[in-house]
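# Architecture at a glance
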Amino acid sequence: MASPTGRARSVRARDARWRGALAVLDEMRRRPGVTRADVARRLALSTGSATEITARLRELALLSETPAAATGRGRPTTVLHPHPRGPVVIAVDLRQEDWRCAVAEIDGRPRVSEEGRHGSRHPAKVVAAVGEAVRRVHDRFGGRVRAVAVAVAATVRHGAVVQSATLGWDAVDLTGLAPAPGLPLLVGNDATLAGAAEARYGAAAGAGTALHVTIEVGVGGTLVVDGLPIEGATGAGGEFGHLPLGDPALRCPCGALGCWDLAVDGRAIARHLGEPPPRDPRSYAQAALARAEGDAAVRSAVGRTASGFGRGIAGLINALDPGIVTLGGFAEPLRAAAAEEFAAALTDGLMRFRRADPPPVVAATLGDDGALHGAAAIALDRVLTEEGLDAWAADHTG
Ligand SMILES: [Zn+2]
């Protein structure tokens, strides 16, 4: 049995063993196609240390190196790539009408391997179809698969789906998606994961505190600090759409009164036009934007909706003080379609001291792939740890 001192020493030795390796792998995630020389410079490593670390990671099938194109100055270097037999994670995006299953290597870039439409309101059928796709990927990659992460259009609490107005689901058990016993299965809200991805790889990259807001059916999003979404005590935080910024007389499908959700998507546009609530608010809203150009009534309904959206964004900025705001889904087309109404409502809603220097509000750049990138990112966060690399090394040596 190891003495406490012995254990402390072995923990220190293990930390030293992986510290440089984890830093190099992190650089590969931040900057795909990075060279060994760049990594050495950014991490303040000597050329010798960088070469030693990458050689060991190569032996462990964690990366591969190819000669970099000569730049004319400096010594020849190599480009760092994921190893062709290296670890992978499976990322799933489960949306209102369809799902996608992707594989990501350690650079974190998901490549879609299968996709399907479901349209089904029977969660068991949807989970079974997605589960088969995940198992097929697992069969193909075997022990290289180290974690699975699912982005789902639902409220997620303690890693489980508790409610989804978008999918028409109540609590749904996703544990059946794990393709093998012991393999980590992580579940996150799609807008939250898209926000995390935007802050790491997208329009908010480099910002310490970023706010992501997206409109699909209702509003979702998250505050992200240093790449990690602020999820609350149980993981169900970031439900911005259920702030009471809407009409207090309207009952939201979530159960609460006056939710912002009802004031910013296709349901709001339809209400302003005196039309019945659309079955698919997203498609209805997109069609309304197309109609707005030649129809003053539609134009006005879109303007009122953009105004309600801008007022809420101002409230979130007042409350959360982000360095940048990224807009995903229908949020950016809505803003662009009624830019003046949005900007006026945003400015009017900001506290006076913020108006001279408000945070930039910009379009998200990962588009429909944001949630998939975010799922891959949290799965890799689980793999690229001291414990994760210990486990990988144990499988690849001796
Ligand atoms: Zn609500």
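Rules used in this analysis
- Residues numbered from 1 in each chain as written.
- Predicted model: local features only at pLDDT ≥ 70, side-chain atom pairs only at ≥ 80, totals over all residues.
- Heavy atoms only, no water.
- Helix = DSSP H or I, 4+ residues; strand = E, 2+ residues; numbered from the N terminus.
- Rg over C-alpha atoms; globule rule 2.2 N^0.38 Å.
- Buried < 20%, exposed > 50% of the residue type's maximum accessible area, 1.4 Å probe, protein only.
- Contact = heavy atoms within 4.5 Å.
- Areas by Shrake-Rupley, 256 points an atom, 1.4 Å probe, with all protein chains shown as cover.
- Lys, Arg positive; Asp, Glu negative; His and termini not counted.
- Charge placed at Lys NZ, Arg CZ, Asp CG, Glu CD.
- Domains from an automatic or database assignment.
- Donors = N, O, S within 2.8 Å, 3.2 Å for Na, K, Ca; no water.
- Tetrahedral: all angles 85-135°; square planar, octahedral: opposite > 155°, others 65-115°.
- Pairing = 2+ DSSP bridges.
- Axes fitted to C-alpha atoms, helices over the stretch in contact; angles between N-to-C directions.
- Parallel < 35°, antiparallel > 145°, perpendicular 65-115°, else oblique.
- Left-handed = near helix turned anticlockwise from the far one by under 90°.
- Nonpolar A, V, L, I, M, F, W, Y, C, P; charged D, E, K, R; others polar.
- Core = buried A, V, L, I, M, F, W, Y, C linked by side-chain atoms within 4.5 Å.
- Phe/Tyr/Trp six-rings, centres within 6.5 Å; stacked < 30°, edge-to-face > 60°.
- Lys NZ or Arg CZ within 6 Å of the ring centre and 35° of its normal.

### Topic: the overall build of the chain
From N to C terminus, the chain includes 14 helices and 14 strands. Its C-alpha atoms give the chain a radius of gyration of 23 Å, within 12% of the compact-globule value 21 Å for 398 residues. Here the C-alpha coordinates of the chain stretch approximately 70 × 50 × 45 Å along the principal axes. Scored against the burial criterion, the 398 residues of the chain give a buried share of 50%. The contacts in the chain between residues at least 6 apart in sequence include a share of 65% that link residues at least 24 apart. Summing over all exposed atoms, the chain offers an accessible surface of approximately 18,300 Å²; the carbon and sulfur share of this is 53%. Separation of charge centres in the chain, based on 45 positive and 44 negative side chains, amounts to 5 Å.

### A closer look at the domain arrangement of the chain
Where the parts come together, the accessible area they lose is often given as the size of the interface. Split by domain assignment, the chain resolves into domain 1 (4-81), domain 2 (88-193 + 371-397) and domain 3 (204-365). The distance between the C-alpha centroids of domain 1 and domain 3 comes to 42 Å.

### A closer look at the coordination of the zinc ion
Angles at a metal have ideal values that depend on geometry: 109.5 degrees with four tetrahedral donors, 90 or 180 degrees with six octahedral donors. Surrounding the zinc ion are the protein donor atoms His 242 (ND1), Cys 252 (SG), Cys 254 (SG) and Cys 259 (SG), which sit 1.9 to 2.4 Å from the metal. If you look at the zinc ion, its four donor atoms make angles of 104 to 115° with each other, and the shape they trace is tetrahedral.

### With respect to the sheet that holds strand 3 (residues 88-94)
The strand order 5-4-3-6-9 describes an open sheet built from five strands, whose pairing is mixed. The open sheet has two free edges, formed respectively by strand 5 (110-117) and strand 9 (185-189), since each of these has just one partner strand. With direction set aside, neighbouring strand axes in the sheet form an average angle of 20°. As paired strands, strand 3 and strand 6 (residues 145-152) are joined by seven bridges and run parallel to one another. Paired with Val 89 across the bridge in strand 6 is Ala 147. Where helix 5 (residues 190-201) meets the sheet, it contacts strand 3, strand 6 and strand 9, and its direction lies at approximately 95° from that of strand 9.

### Things to note about the packing of helix 8 (residues 281-292) against helix 9 (residues 296-320)
Relative to each other, helix 8 and helix 9 sit at 125°, their axes nearing to 8 Å. One way to sum up the angle between helix 8 and helix 9 is to call them oblique. Our pair here, helix 8 against helix 9, has a crossing hand that is left-handed. Of the residues in helix 9, those touching helix 8 at Ala 288, Leu 289, Arg 291 and Ala 292 are Val 298, Arg 299 and Val 302. The residue inventory of the contact of helix 8 with helix 9, partitioned by class, reads five nonpolar, no polar and two charged.

### Brief notes about the nonpolar core
Formed by 36 residues in total, the largest nonpolar core has its most connected members in Leu 57, Val 89 and Leu 384. Counting residues per element, the ones that place at least two in this core are helix 1 (4-30), helix 3 (47-59), strand 3, strand 4 (98-104), strand 6, helix 13 (370-383) and helix 14 (386-396). Looking at which element gives the most residues to this core, the answer is helix 13, with seven residues. Of the domains in this structure, domain 1 (4-81) and domain 2 (88-193 + 371-397) are the two that each give at least three residues to this core. Leaving out residues up to four positions away in the same chain, Leu 57 has contacts with Ala 21, Val 24, Leu 25, Leu 62 and Leu 63.

### Details of the packing of aromatic side chains
Summed over all chains, the structure comprises two aromatic pairs. Between Trp 260 and Phe 309, the ring centres sit 5.8 Å apart and the planes meet at 20°, which makes this aromatic pair stacked. Taken together, the residues Trp 260 in the loop between strand 12 (228-229) and helix 6 (261-264) and Phe 309 in helix 9 connect sequence positions 49 residues apart. Just as Trp 260 is buried, Phe 309 falls in that class too. Taken together, Trp 260, Phe 309 and Phe 342 form an aromatic cluster joined through their ring pairs. The residue whose ring lies beneath Arg 56 is Trp 18, and the NZ or CZ to ring-centre distance is 5.1 Å. Stacked on the ring of Tyr 201, the Lys or Arg Arg 109 has its end atom at 4.2 Å from the ring centre.

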